[in-house]
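Structural description and commentary
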Amino acid sequence: MDNTEALEAIRKTIKEGKNEDAGPQIMELASRNQDDPMTLLTCASMLLTIGDDKDFQAIIPVIMSHVPEEDDAKYQVVQGLISLGCLKDAGKILADMPASDKVHRARAAVFHGTNRYEDALAALGAMSELTEPDRVLKVQVLGSMGKHDKAIALAQEILKGSNSYRAGRCYISALVLADRTKEAAKYAKERLKEKTADGYALMAFYQWLDGNTTAGGAFSSKALKIENKHLGALETIGLCFAEKGSFWEAKIAAGAINEIEPGSPAVFRILAVCKDN
């Protein structure tokens, strides 16, 4: 059985809920690919999906001992590690990589995730051009530093150029973090009038942030009826399920996200709430 066939077999086992069978399958694949960091990253992702933290922790050092020399391949490993939440490991690789916008972007994500906010801002400031995701990260960094007025002002600038779910979520997050929940609710209600997947998903996200998991799940469901692969709605409904103790349903949502966007950080945000369940 080649790697593709093995991966399909493992995914089928996970979909059937047979995690006790999936673990050995994953580790068997990993043992046959110890010098292939990308396959190992896929294995690590699946181990997290089934809640096998022990074997997950065992795979990471193997990945770190087989980091490729070529910069593009090395950056792919960095991205995988960041998605898995292995920020310190990603930072070790990035430390020796030549400066470029994508390296600065990855460093900023690592610095933000490890509470090195000034370093994160410096990394973003070193970039020649900031994309929308980069500017959203800057909003998050500023909010984490307590610089809420600057964070909200930048979020408003992003909204002027984009009506995306990402931009709207960024604005709602910045307002809620600044304890300006009434403004966040007002914006969510305005977007709700669109009756689009993004509009429903943004209201779901606001409701989840406000602690209303029942409403968050309901609005996520409306978004998914319109766009069944809406990543934002899938993440919110997964988080709502997990916080209500419906861990099986939460893991189904996480699995759906992983099918659409393998290695998405959203998967692991959901699974973190499901930990040990």
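Residues numbered from 1 in each chain as written. Predicted model: local features only at pLDDT ≥ 70, side-chain atom pairs only at ≥ 80, totals over all residues. Heavy atoms only, no water.

Let us now look at helix H14 (residues 213-226). The end-to-end C-alpha distance of H14, which contains 14 residues, comes to 20 Å, matching closely the 20 Å that a straight helix rising 1.5 Å per residue would cover. For H14, the set of buried residues is Thr213, Ala215, Gly216, Gly217, Phe219, Ser220, Ala223 and Leu224. Of the surrounding elements, those touching the buried residues of H14 are helix H12 (181-192), helix H13 (197-209) and helix H15 (231-243). (Helix = DSSP H or I, 4+ residues; strand = E, 2+ residues; numbered from the N terminus. Expected span 1.5 Å × (residues − 1). Buried < 20%, exposed > 50% of the residue type's maximum accessible area, 1.4 Å probe, protein only. Contact = heavy atoms within 4.5 Å.)

With that out of the way, let us pick up the packing of aromatic side chains. Tallying each qualifying case throughout the model produces 2 aromatic pairs. Taking 5.1 Å as the distance between ring centres and 90° as the angle between the ring planes, the aromatic pair formed by Tyr171 and Tyr187 counts as edge-to-face. Within this pair, whereas Tyr171 is found in helix H11 (residues 165-177), its partner Tyr187 is found in helix H12, the two being separated by 16 residues in sequence. A relative accessible area of 10% means that Tyr187 is categorised as buried. Measuring from centroid to centroid gives 6.0 Å for Phe205 and Trp208, while their planes differ by 35°, and the two rings are tilted. Separated by 3 residues within a single helix, Phe205 and Trp208 lie in helix H13, roughly one turn from each other. Looking at Phe205, the relative accessible area reads 3%, which means it is buried. (Phe/Tyr/Trp six-rings, centres within 6.5 Å; stacked < 30°, edge-to-face > 60°.)

For the structure shown, the criterion picks out 13 salt bridges. With its nearest N and O atoms 2.6 Å apart, the salt bridge here joins Arg191 to Glu194. Taking the relative accessible area as the measure of exposure, Arg191 reaches 4% and is therefore buried. (Salt bridge = Lys/Arg side-chain N within 4 Å of Asp/Glu carboxyl O.)

Further remarks concern the nonpolar core. If you look at the biggest cluster of nonpolar residues, it comprises 91 residues, and the most contacted ones within it are Phe56, Ile59, Leu81, Leu84, Val139 and Ile172. Among the elements that line this core, the one with the most residues is H13, at 8 residues. If near-sequence neighbours (up to four positions away) are discounted, Leu84 is found in contact with Leu41, Ala44, Ser45, Leu48, Phe56 and Phe268. (Core = buried A, V, L, I, M, F, W, Y, C linked by side-chain atoms within 4.5 Å.)

Purely geometric stuff here, so don't read any function into it on its own.
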